[in-house]
Amino acid sequence: MIETFIKHGIELAGCLCEAGLFLYLVLWGHSRRLTALCLYIGSLLAIDAISRNWILYHYGFRSPQYFYFYYLTDALLAVGAFLLVCSFFRRACIERREIWQSVRLVLVFVFIIVAGISYVSLSQNYTNLFGRFTTEFEQNLHFTCLVLNTALYILMHHVQVADDQLELLVCGMGIQFAGPAANFALMYLTPGSHFFMSVMQYVGPLCTLGMLGLCFYAVRIPKAARARAREARRLGNAAVNRA
């Protein structure tokens, strides 16, 4: 009873944060500058907070409608997260076109590989399309996003990208990707453990809350503060180069 109450409380807090961040992005005029982030948060809100609850209320937790809808939307959210990371790469390389040309090809190649690996799983489990294939595809894509997001953070420091807001957004998505990665690790390392199964239900929503909070903070950074941070970093890099 207490576990259910805590779980629903965390999920409700996540839904409210998703709605708050999405409305802030749209109403305060950030949606044009942060289009990819706005679309991703809007997808989270439409799927996680609205559509799934509507399907759950009308058809029930054990219904095939909820089963198919849940796995399909999970895969769609994973694709949305991948596209968001791609947009972060593009923003990080906005002043280095030659790097972006190479990175773009790598991102396309990586997505094709993930889809191909998942297709192999589909061909071996054709009778369990939404159960096996979408789960395999989601796991592969989430792990890929986690690796790409980490690589992006390293790239930003390597090429000295002066964009504190982007750095915070990348860290926020890192928290988001850490949730599924931790759940998958617990699932494989502790099969059948009741304690870890009960812990797993909190990891994902808590990581989503962390991501939303960090993104909200990143969006609210004043323009003057961002400009001062960029100038300080530029002067620091110039001093290092002279040394």
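Residues numbered from 1 in each chain as written. Predicted model: local features only at pLDDT ≥ 70, side-chain atom pairs only at ≥ 80, totals over all residues. Heavy atoms only, no water.

> Outline the nonpolar core, supporting the account with residue identities and numerical values.
Judged by nonpolar contacts, the single largest core of 46 residues is most densely connected at Leu-37, Ile-41 and Phe-89. Elements with a contribution of two residues or more to this core: α1 (2-27), α2 (35-59), α3 (64-92), α4 (97-124), α5 (129-158), α6 (164-189) and α7 (194-219). Among the elements that line this core, the one with the most residues is α3, at 11 residues. In contact with Ile-41, not counting residues within four places along its chain, are Glu-18, Leu-21, Phe-22, Leu-25, Met-211 and Leu-212. (Core = buried A, V, L, I, M, F, W, Y, C linked by side-chain atoms within 4.5 Å. Buried < 20%, exposed > 50% of the residue type's maximum accessible area, 1.4 Å probe, protein only. Helix = DSSP H or I, 4+ residues; strand = E, 2+ residues; numbered from the N terminus. Contact = heavy atoms within 4.5 Å.)

> Any chance you could break down the packing of aromatic side chains for me, citing the residues and the numbers?
Evaluated as defined, the whole model comprises nine aromatic pairs. Both rings, one in Phe-82 and one in Phe-111, keep their centres 5.3 Å apart while their planes meet at 40°; by these two values the pair is tilted. One end of the pair, Phe-82, is in helix α3; the other, Phe-111, is in helix α4, with 29 residues separating them in the sequence. Looking at Phe-82, the relative accessible area reads 3%, which means it is buried. Relative to Phe-137, the ring of Phe-111 lies with its centre 6.5 Å away and its plane at 90°, an arrangement referred to as edge-to-face. Here Phe-137 lies in helix α5 and Phe-111 lies in helix α4, a separation of 26 residues in the sequence. The exposure class of Phe-137 is buried, given its relative accessible area of 10%. What links up through ring pairs into an aromatic cluster is the set Phe-61, Tyr-66, Phe-67, Tyr-68, Tyr-70 and Tyr-71. Over the face of the ring belonging to Tyr-70 we find Arg-52, whose NZ or CZ atom lies 4.2 Å from the ring centre. (Phe/Tyr/Trp six-rings, centres within 6.5 Å; stacked < 30°, edge-to-face > 60°. Lys NZ or Arg CZ within 6 Å of the ring centre and 35° of its normal.)

> Quick rundown of a nonpolar patch on the surface? Include the residues and the values.
Judged by side-chain polarity, Leu-23, Val-26, Leu-27 and Trp-28 come together as a nonpolar surface patch covering roughly 440 Å² of accessible area. Mapped onto the fold, Leu-27 is located in helix α1. (Patch = residues over 30% accessible without salt bridge, like charges linked within 9 Å, V, L, I, M, F, W, Y side chains within 5 Å. Areas by Shrake-Rupley, 256 points an atom, 1.4 Å probe, with all protein chains shown as cover. Salt bridge = Lys/Arg side-chain N within 4 Å of Asp/Glu carboxyl O.)

> An account of the pattern of salt bridges is needed here, citing residue identities and associated values.
Applying the stated rule across the entire model yields three salt bridges. Of the charged contacts in the structure, one is a salt bridge between Arg-52 and Asp-74, with a shortest N-O distance of 2.6 Å. One end of the pair, Arg-52, is in helix α2; the other, Asp-74, is in helix α3, and 22 residues separate them in sequence. Residue Arg-52 shares its accessibility class with Asp-74, and that shared class is buried. For Asp-163, the salt bridge is made with Arg-91, and the minimal N-O distance between the two is 2.8 Å. Linking Asp-163 in the loop between α5 and α6 with Arg-91 in helix α3, this pair joins segments that are 72 residues apart in sequence.

> Could you give me a rundown of the packing of α1 against α2, with the residues and numbers involved?
One can describe the packing of α1 onto α2 by two numbers: an axis separation of 9 Å at closest approach and a directional angle of 145°. Of the two elements, α1 crosses α2, and the hand of that crossing is left-handed. Residues Cys-15, Glu-18, Ala-19, Leu-21, Phe-22, Leu-25 and Val-26 of α1 lie in contact with α2, whose contacting residues are Leu-37, Cys-38, Ile-41, Gly-42, Leu-44, Leu-45, Asp-48 and Ala-49. Looking at side-chain class alone, the contact of α1 with α2 contains 12 nonpolar, one polar and two charged residues. (Axes fitted to C-alpha atoms, helices over the stretch in contact; angles between N-to-C directions. Left-handed = near helix turned anticlockwise from the far one by under 90°. Nonpolar A, V, L, I, M, F, W, Y, C, P; charged D, E, K, R; others polar.)

These figures capture arrangement, not role.
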